[in-house]
Amino acid sequence: MIHRRRLRSSWNRVDSGELHQAPRQWQSWLSDTGSLTQKIERAIGQKLEVVVLRDCRQNLNSDESRYFHFNIKRCRIREVLLCANGMPLVMANSIIPGRSSSGSNHEVLRLGKKPLGAVLFAKTRMRSKKKPLREIARLDKRNILWKKCFQQYQKLPAVSWARRTLYQLKGRPLLVSEVFLPALLNYPNN
Ligand SMILES: C=C(O[C@@H]1C=C(C(=O)O)C=C[C@H]1O)C(=O)O
């Protein structure tokens, strides 16, 4: 539990983002445990467009490296906008350590415009027994993640709600952060 508290404090540097503190209209998006891609496509009634902003190797900051039990400095970072009819709905920042995209994971993580969720939630994938670690946060310009997202997407609202999930792909960790954008609220959230 100490470990979890430590993670929470680093992620919620700005404001402790417990679900009940989030605006009601965001709570279901923040807490859903299924594929975000699938949830959005149900809401918009069509396929999502994935706009890849960046997919490269980068040094991790301490707020990110804490989630991995092994010492890593550089990682693959994938930043995308999930869009409908050209309108960004979510900005996602995924951290994929080298050891998580090697071996049999290497091929499936050559994503391009394919959403990462198609891999993480693939029917054929052995569901890892471990429930993914999930945290939420209210982001503003004091938060490292808000600043990283703003570098890529200058229309990022000054206060944004986000969630962070530590997934396992064949036992290898990936840290996925998703920042929800206002246009998503134009769609029914069923
Ligand atoms: C993890 C999922 O994949 C989505 C797509 C992503 C991508 O293509 O990089 C990243 C995060 C998610 O918003 C999901 O659908 O739940």
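Our structure's up above, just so we're on the same page.
Now for a quick tour of the structure. (Residues numbered from 1 in each chain as written. Predicted model: local features only at pLDDT ≥ 70, side-chain atom pairs only at ≥ 80, totals over all residues. Heavy atoms only, no water.)

**Details of the overall build of the protein**
Inference 1: Scanning the protein from terminus to terminus reveals 7 helices and 6 strands.
Inference 2: Reading the protein from its N end, one meets helices and strands in the order α-α-α-β-α-β-β-α-α-β-α-β-β.
Inference 3: A buried classification covers 50% of the 190 residues belonging to the protein.
Inference 4: A separation of at least 24 residues holds for 67% of the contacts in the protein among residues at least 6 apart in sequence. (Helix = DSSP H or I, 4+ residues; strand = E, 2+ residues; numbered from the N terminus. Buried < 20%, exposed > 50% of the residue type's maximum accessible area, 1.4 Å probe, protein only. Contact = heavy atoms within 4.5 Å.)

**Structural notes on helix α2 (residues 24-31)**
Inference 1: Along α2, the residues that are buried comprise W26, W29 and L30. Looking straight down α2, one finds its buried side chains confined to an arc of 100 degrees; they lie on one side.
Inference 2: Where α2 is buried, its residues meet α3 (36-44), β4 (133-139), β5 (160-169) and β6 (172-180). (Arc of directions from axis to C-beta.)

**Some thoughts on the site of the ligand**
Inference 1: In the neighbourhood of the ligand, 16 residues make up the surrounding shell, with L36, T37, R78, G117 and E178 lying closest.
Inference 2: Separating an oxygen atom of the ligand from a backbone N or O atom of L36 is a distance of 2.7 Å.
Inference 3: Between the ligand and the protein, one listed contact pairs an oxygen atom with a backbone N or O atom of L116 at 2.9 Å.
Inference 4: Burial of the ligand by the surrounding chains reaches 100%, relative to a free accessible area of 380 Å². (Near = heavy atom within 4 Å. Polar contact = N/O pair within 3.5 Å; in protein donor to acceptor, adjacent residues only side chain to side chain. Areas by Shrake-Rupley, 256 points an atom, 1.4 Å probe, with all protein chains shown as cover.)

**Focus on the packing of aromatic side chains**
Inference 1: Counting across every chain of the model gives 4 aromatic pairs.
Inference 2: Seen from their ring centres, W26 and F180 are 5.8 Å apart, and the 40 degrees between their planes marks the pair as tilted. In this pair, W26 is assigned in helix α2 and F180 in strand β6, connecting sequence segments 154 residues apart.
Inference 3: Since its relative accessible area comes to 2%, F180 is described here as buried.
Inference 4: Taking the centre distance of 4.9 Å and the plane angle of 10 degrees together, the rings of W146 and F150 count as stacked. Of the two residues, W146 and F150 are both situated in helix α7 (residues 144-152); the distance of 4 residues between them amounts to about one turn of the helix.
Inference 5: Over the ring of W29 we find K39; its NZ or CZ atom is 4.9 Å from the centre of that ring. (Phe/Tyr/Trp six-rings, centres within 6.5 Å; stacked < 30°, edge-to-face > 60°. Lys NZ or Arg CZ within 6 Å of the ring centre and 35° of its normal.)

**Some points on the pairing of strand β3 (residues 87-96)**
Residues in a regular strand project their side chains so that they alternate between the two faces of the sheet.
Inference 1: Along β3, 9 of the 10 residues are buried, which leaves the element largely enclosed by surrounding structure.
Inference 2: Both strand β2 (residues 74-84) and β3 contribute to a ladder of 9 bridges, which runs antiparallel. Following the sheet pairing, I77 is matched in β3 by I95.
Inference 3: By the bridge criterion, 6 bridges tie β3 to β6 in an arrangement that is antiparallel. Looking at β6, one finds that M91 is bridged to V179. (Pairing = 2+ DSSP bridges.)

**So, the pattern of salt bridges**
Inference 1: This structure, assessed with the given rule, holds 11 salt bridges.
Inference 2: In this structure, the salt-bridge partner of K39 is D32, at a minimum N-O distance of 3.8 Å.
Inference 3: Classification of K39 as buried rests on a relative accessible area of 3%.
Inference 4: A salt bridge links E64 to K148; the shortest N-O distance between them is 2.7 Å. (Salt bridge = Lys/Arg side-chain N within 4 Å of Asp/Glu carboxyl O.)

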